[in-house]
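This is what each chain is made of:
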Amino acid sequence: MAIVYSSREIMILSHEKYLLDTLPSACKAKVGQLFNVETPFRMDAEAQALASRLENDDYDSCKRRNKKRKKCDTAHPLEEETKHLHKIYSKHFVQGGLKHEYFPGLPSHQQIRLNNLPLREYVKKTISYVDDNFKNRINEDDYLIPQGAKFKICDISQFYTFCDERKFDVILMDPPWENKHVKRAKLAGSGGYQMLDNMDIQKIPVDKFLSEKGIVVIWCSNNIRHREAVSTWLRTWSLKQIAKLYWLKVTKHGELVCDFSSHKNPHEIIIIATNKYNLTWTTSDVPDNLVVMSQPSGIHSHKPPLSDLIDKYFPGLERRVELFARYLQPNWFSLGNEACKLNHKSLYQSCDN
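The structure contained in this document is the topic of the report that follows.

Conventions used here
Throughout this document, residue positions are counted from 1 along each chain, in the order its sequence is written. Only residues with pLDDT of 70 or above have their local features reported here, since the model is predicted, and side-chain atom pairs are shown and tallied only from 80 upward, although totals for entire chains, interfaces and linings are computed over all residues. Where side-chain values are given, they derive from all heavy atoms of the structure, hydrogens and water being excluded. Helix numbers and strand numbers start at the N terminus; a helix is a DSSP run of H or I with at least 4 residues, a strand a run of E with at least 2. To sort residues, take the accessible area from a 1.4 Å probe on protein chains only and compare it with the maximum for the residue type: under 20% means buried, over 50% means exposed, and anything in between is partly exposed. Contact criterion: two residues are considered in contact whenever any of their non-hydrogen atoms come within 4.5 Å of each other. Working definition of accessibility: Shrake-Rupley area with a 1.4 Å probe, residue cover restricted to the visible protein chains. Whether two aromatic rings pair depends on their centres lying within 6.5 Å, for rings of Phe, Tyr and Trp, where Trp uses its six-membered ring; planes under 30 degrees apart make the pair stacked, over 60 edge-to-face, and the rest tilted. For a lysine, the NZ atom is tested; for an arginine, the CZ atom; a charge sits over a ring if that atom is within 6 Å of the ring centre and within 35 degrees of the ring normal. In what follows, salt bridge is the name for a side-chain nitrogen of Lys or Arg lying within 4 Å of a carboxyl oxygen of Asp or Glu. The span one expects for a helix is its residue count, reduced by one, times 1.5 Å. The arc under discussion is defined with respect to the helix axis, by the directions toward the C-beta atoms. Think of it this way: DSSP has to see at least two bridges between two strands before they count as a pair. Here, axes are lines fitted to C-alpha atoms. For helices the fit covers the stretch in contact, and angles between N-to-C directions go from 0 to 180 degrees. Among the buried residues, those of types Ala, Val, Leu, Ile, Met, Phe, Trp, Tyr and Cys that are joined through side-chain atoms within 4.5 Å form a nonpolar core.

## A look at the overall build of the chain
Across its full length, the chain holds 13 helices and 10 strands. Of all 353 residues assigned to the chain, the portion counted as buried reaches 51%. Long-range pairs, those at least 24 residues apart, make up 77% of the contacts in the chain with a sequence separation of at least 6. A total accessible area of about 17,500 Å² is found for the chain, and carbon and sulfur atoms account for 50% of it.

Here's what the structure looks like:
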C-alpha cells in the first residue's frame, strides 16, 4: 500500500514502497536509486557555496540569504496556495513530528555539495537505455507487468478504437503539457514525451466514457494557463470539481525539493471531478486542499500512484483507465504512446535477475 500516513489535512505516500509491492521481482536497492533525492535541487554553484558556508559554520549568512530570497519572491502568483502549503507543512510535518518519524536525518555537507549528482547521472544513463529499447521494439518480456494490468501503445486520438463503448469508473490523466523543460530535452536529443495543445486534449470525449458514478482525476502544473484550460475542459465535459489536492515533493530527509518562487515550485495540483449531475460524491467525500506528500522519482513526470487514495475516498470504483500513461498499475487499463515505458526491467532489476 502506498499510503504510509493519513489525516484529514495531510497524506504521506511512498511511491518506492508501491513499486516494491506491485512488482514482486523488483530489486529493493535498484528501486531505491530512483528516489534517492538527498537534498533540495539547486544550481550547482549555489549548492557548493551553501556547503562551504555550512562547513565554516556561517549559519547567519545562510539565514540572511534565505530571508533575502523569500523577500524577493513575495509577489508569488499563487500566494494563498503557497501560504496553505507552508501552514500544513509546518503544522504537521515540522512541528507535528512527521518529518522525524518518516524522513529522519539531515543531508551531509558533501551531499549538499553534490546536489543530487549521483541521482541525476544514474537517471540520465538509465532512461537513455530505456528510451533506446522502447523506440526500437516493445517486447513484453522486457517489461514488468503488474497483476491485472492491461495496456495499449497508441496515440490518444485512437482512444475510441480501444475503448469501444466501455464506461470507466476512474479516468486518470497526466496530460503532456507544453513546457520549456520538455522542449529543451527534445532539442538536446534526450527524449521527452509528445506534447499536446490544450485544445487537442479538450476534444477528447471524456464524458462519453465516464460511468454514471465515475470520477476524472487530472494532474496539473502550476502554470496559470494550464489551470484555466482544465476548468474549460470540465465545463466542456459537463463535469464539476469536487476536490483540489496538492502533491508536495520532499527529499529523503523531508526538505522541500525547492523553494516556492514565481518560476518554480515544490508542488503540483490534482483535480478531482465528476458528472455535474452525480450526487454520489460530494466535496465532503474527499478532503479539499489535502496535501499529499512524497519523495519524487528522479525520472521526469514519474508521478506517484493514486490508486490507494482513490480506494480510500471513492470505494467501489473498479474500472480504471489512465490516459497518457507512462507506467502500469495493477488492474488498470493504460493508454498512451509510452504506456509501459517506465515498467522496463532495467529500472527495477539488476543484471543478474
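Here the narrative resumes, following the displayed structure.
## A short note on the packing of aromatic side chains
Under the defined criterion, the tally for this structure stands at 7 aromatic pairs. Taken together, a centroid distance of 5.1 Å and an interplanar angle of 35° make the contact between Y89 and F93 tilted. Pair noted here: Y89 and F93 are both in helix α5 (residues 79-94), with a separation of 4 residues, about one helical turn. Each member of the pair, Y89 as well as F93, carries the same accessibility label: buried. Their ring planes at 80° and their centres at 5.1 Å tell us that W281 and F314 sit as a pair that is edge-to-face. Placement of the pair is W281 in the loop between β7 (267-275) and β8 (291-294) and F314 in the loop between α13 (307-313) and β9 (320-323), with a sequence separation of 33 residues. Accessibility classification places W281 together with F314 in one group, the buried group. Every member of this aromatic cluster is reached through a ring pair, and the members are Y89, F93 and F103. K303 extends its terminal NZ or CZ atom over the ring of W219, reaching a point 5.6 Å from the ring centre.

## Structural notes on the pattern of salt bridges
This structure, assessed with the given rule, holds 16 salt bridges. A salt bridge links K17 to D21, with the shortest nitrogen-to-oxygen separation between them at 2.9 Å. Highlighted residues: K17 and D21, both in helix α1 (residues 15-22), separated by 4 residues, approximately one helical turn. D21 gets classed as partly exposed once you look at its relative accessible area, which sits at 41%. The salt bridge involving E81 is made with K244; its shortest N-O contact spans 3.5 Å. Highlighted residues: E81 in helix α5 and K244 in strand β6 (residues 239-249), separated in sequence by 163 residues.

## Points about unusual backbone geometry
The phi dihedral of N116 is positive, around 65°, even though this residue is not glycine. Positionally, N116 belongs in the loop between α7 (109-114) and α8 (117-136). The exposure class of N116 is buried, given its relative accessible area of 1%.

## A closer look at helix α3 (residues 44-55)
Across its 12 residues, α3 extends 17 Å between first and last C-alpha, which sits within 8% of the 16 Å expected from 1.5 Å per residue. Among the residues of α3, A47, L50, A51, R53 and L54 are the ones counted as buried. The buried residues of α3 occupy one face: seen down the axis, they fall within an arc of 165°. In the stretch just after α3, D57 is the one whose phi turns positive, near 60°.

## Regarding the sheet that holds β9
An order of β1-β2-β8-β6-β7-β5-β4-β9-β10-β3 is seen for the 10 strands of this open sheet, with the pairing classed as mixed. Where the open sheet ends on each side, the last strands, each with one partner, are β1 (3-6) and β3 (150-153). Recorded for the sheet is a direction-independent mean angle of 20° between the axes of neighbouring strands. Bridge analysis of strand β4 (residues 168-173) against strand β5 (residues 210-220) gives 5 bridges, and the strand direction is parallel. The residue of β5 that forms the bridge with L172 is V217.

## Digging into α5
Between its first and last C-alpha atoms α5 spans 21 Å; for 16 residues at 1.5 Å apiece the expected length is 22 Å, and the two agree. Residues of α5 that are buried: E81, T82, L85, I88, Y89, H92 and F93. Along the long axis of α5, the arc covered by the buried residues comes to 130°, so they all point the same way. Turned more than 90 degrees off the buried face of α5, the exposed positions are E80 and K87. On its buried face, α5 is in contact with β2 (10-13), α6 (98-102), α12 (224-236), β6, β7 and β8.

## Focus on the nonpolar core
Counting 45 residues, the largest nonpolar core has I171, M173, I218, W233, L323 and L335 as the members making the most contacts within it. Residues W247, W281, V292 and L306 belong to the second largest nonpolar core, which totals 27 residues.

## Some remarks on the environment of V37
Within the secondary structure, V37 is located in the loop between α2 (28-34) and α3. Relative accessible area serves as the criterion here: at 1%, V37 is assigned to the buried category. For the pair formed by V37 and P118, sequence separation is 81 residues and the distance between their alpha carbons is 9.4 Å.

## Overview of the pairing of β8
In regular strands, side chains alternate between the two faces of the sheet. The two faces of β8 match: V291 and M293 on one face and V292 and S294 on the other face are all buried. Strand direction decides the pairing type here: β2 and β8, joined by 3 bridges, are parallel. Looking across to β8, one finds that I12 is bridged to M293. Bridge count between β6 and β8: 4 bridges; the pairing is parallel. Residue pairing in the sheet places L248 in a bridge with M293 of β8.

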